[in-house]
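# Descriptive analysis of the structure
Listed below, chain by chain, are the residues.
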Amino acid sequence: MRDEQAPVGLSPHLLKHVSFSAFIGADERTCWKSAIGGDAVCSGGNDCAGVQAAVVTGTLAQWRDAVVSGCAKDVSTPVRHCFNKLHSLFTAAGLNVWRDYTPRGAPDQTFLLLEDKRGR
């Protein structure tokens, strides 16, 4: 922090020390919890009148992995739409931890996150 010449960006070790929470709601057709995986913490989950709602908390590393999983080709459109939104919210906040992935448009108006194998 004292080095004025240091490059700007997120240090990789911070990915496991900074946590974020999001309130996610969906109808019964959207199974977004399976895309999050077992690492992120889901607290306050509720299923009432066909609507699922939960506060999801995880480290930045866990969110990175969850968004990659949620933006995969084999994920349903509503789930991918949810994770596309989360990707854009983190990116807009200056937390783009997906620099080694390339967004690729899908026919359903969402995008896939594909690993960039060019070795950036």
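Below or above, wherever it landed, is the structure these notes cover. (Residues numbered from 1 in each chain as written. Predicted model: local features only at pLDDT ≥ 70, side-chain atom pairs only at ≥ 80, totals over all residues. Heavy atoms only, no water.)

### Quick notes on the overall build of the chain
Looking only at helices and strands, the chain features three helices and five strands. The helix and strand sequence of the chain, counted from the amino end, reads β-α-β-β-α-α-β-β. A burial count over the chain gives 36% of its 120 residues as buried. When contacts within the chain are restricted to residue pairs at least 6 apart in sequence, long-range pairs at least 24 apart make up 55% of them. Approximately 8,000 Å² of the chain is accessible, and the part contributed by carbon and sulfur atoms is 55%. (Helix = DSSP H or I, 4+ residues; strand = E, 2+ residues; numbered from the N terminus. Buried < 20%, exposed > 50% of the residue type's maximum accessible area, 1.4 Å probe, protein only. Contact = heavy atoms within 4.5 Å. Areas by Shrake-Rupley, 256 points an atom, 1.4 Å probe, with all protein chains shown as cover.)

### Observations concerning helix α3 (residues 77-92)
For α3, with 16 residues, the first-to-last C-alpha span of 22 Å sits near the 22 Å given by 1.5 Å per residue. Taken together, the buried positions of α3 are occupied by V79, R80, C82, F83, N84, L86, H87 and F90. Of the residues trailing α3, G94 is marked for its positive phi of about 80°. (Expected span 1.5 Å × (residues − 1).)

### A closer look at the packing of helix α2 (residues 60-70) against α3
The N-to-C vectors of α2 and α3 enclose an angle of 140°; their axes lie 8 Å apart at closest approach. Taken together, the axis directions place α2 and α3 in an arrangement best described as oblique. Here α2 and α3 pass one another in a crossing that is left-handed. Across from L60, W63, A66, V67 and G70 in α2, the residues of α3 making contact are V79, R80, F83, L86, H87 and F90. Looking at side-chain class alone, the contact of α2 with α3 contains eight nonpolar, two polar and one charged residues. (Axes fitted to C-alpha atoms, helices over the stretch in contact; angles between N-to-C directions. Parallel < 35°, antiparallel > 145°, perpendicular 65-115°, else oblique. Left-handed = near helix turned anticlockwise from the far one by under 90°. Nonpolar A, V, L, I, M, F, W, Y, C, P; charged D, E, K, R; others polar.)

### Details of the nonpolar core
With 24 residues, the main nonpolar core has V67, F83, L86, W98 and L113 as its most contacted residues. Of all elements in the fold, only β1 (19-27), β3 (51-59), α2, α3 and β5 (111-115) reach the threshold of two or more residues within this core. No other element matches α2, which puts six residues into this core. When sequence neighbours within four positions are dropped, the list of residues in contact with L86 reads A22, I24, W63 and V67. (Core = buried A, V, L, I, M, F, W, Y, C linked by side-chain atoms within 4.5 Å.)

### Quick word on unusual backbone geometry
Its identity is not glycine, yet Q109 carries a phi of approximately 70°, on the positive side. By the element assignment, Q109 lies in the loop between β4 (101-105) and β5. Overall, Q109 belongs to the exposed group, its relative accessible area being 73%.

### Focus on the pattern of salt bridges
Under the criterion given, the structure shown has two salt bridges. Put simply, D65 and R64 hold a salt bridge, and the shortest N to O gap is 3.4 Å. Between D108 and R80 there is a salt bridge, with its nearest N and O atoms 2.5 Å apart. Highlighted residues: D108 in the loop between β4 and β5 and R80 in helix α3, separated in sequence by 28 residues. A relative accessible area of 24% means that D108 is categorised as partly exposed. (Salt bridge = Lys/Arg side-chain N within 4 Å of Asp/Glu carboxyl O.)

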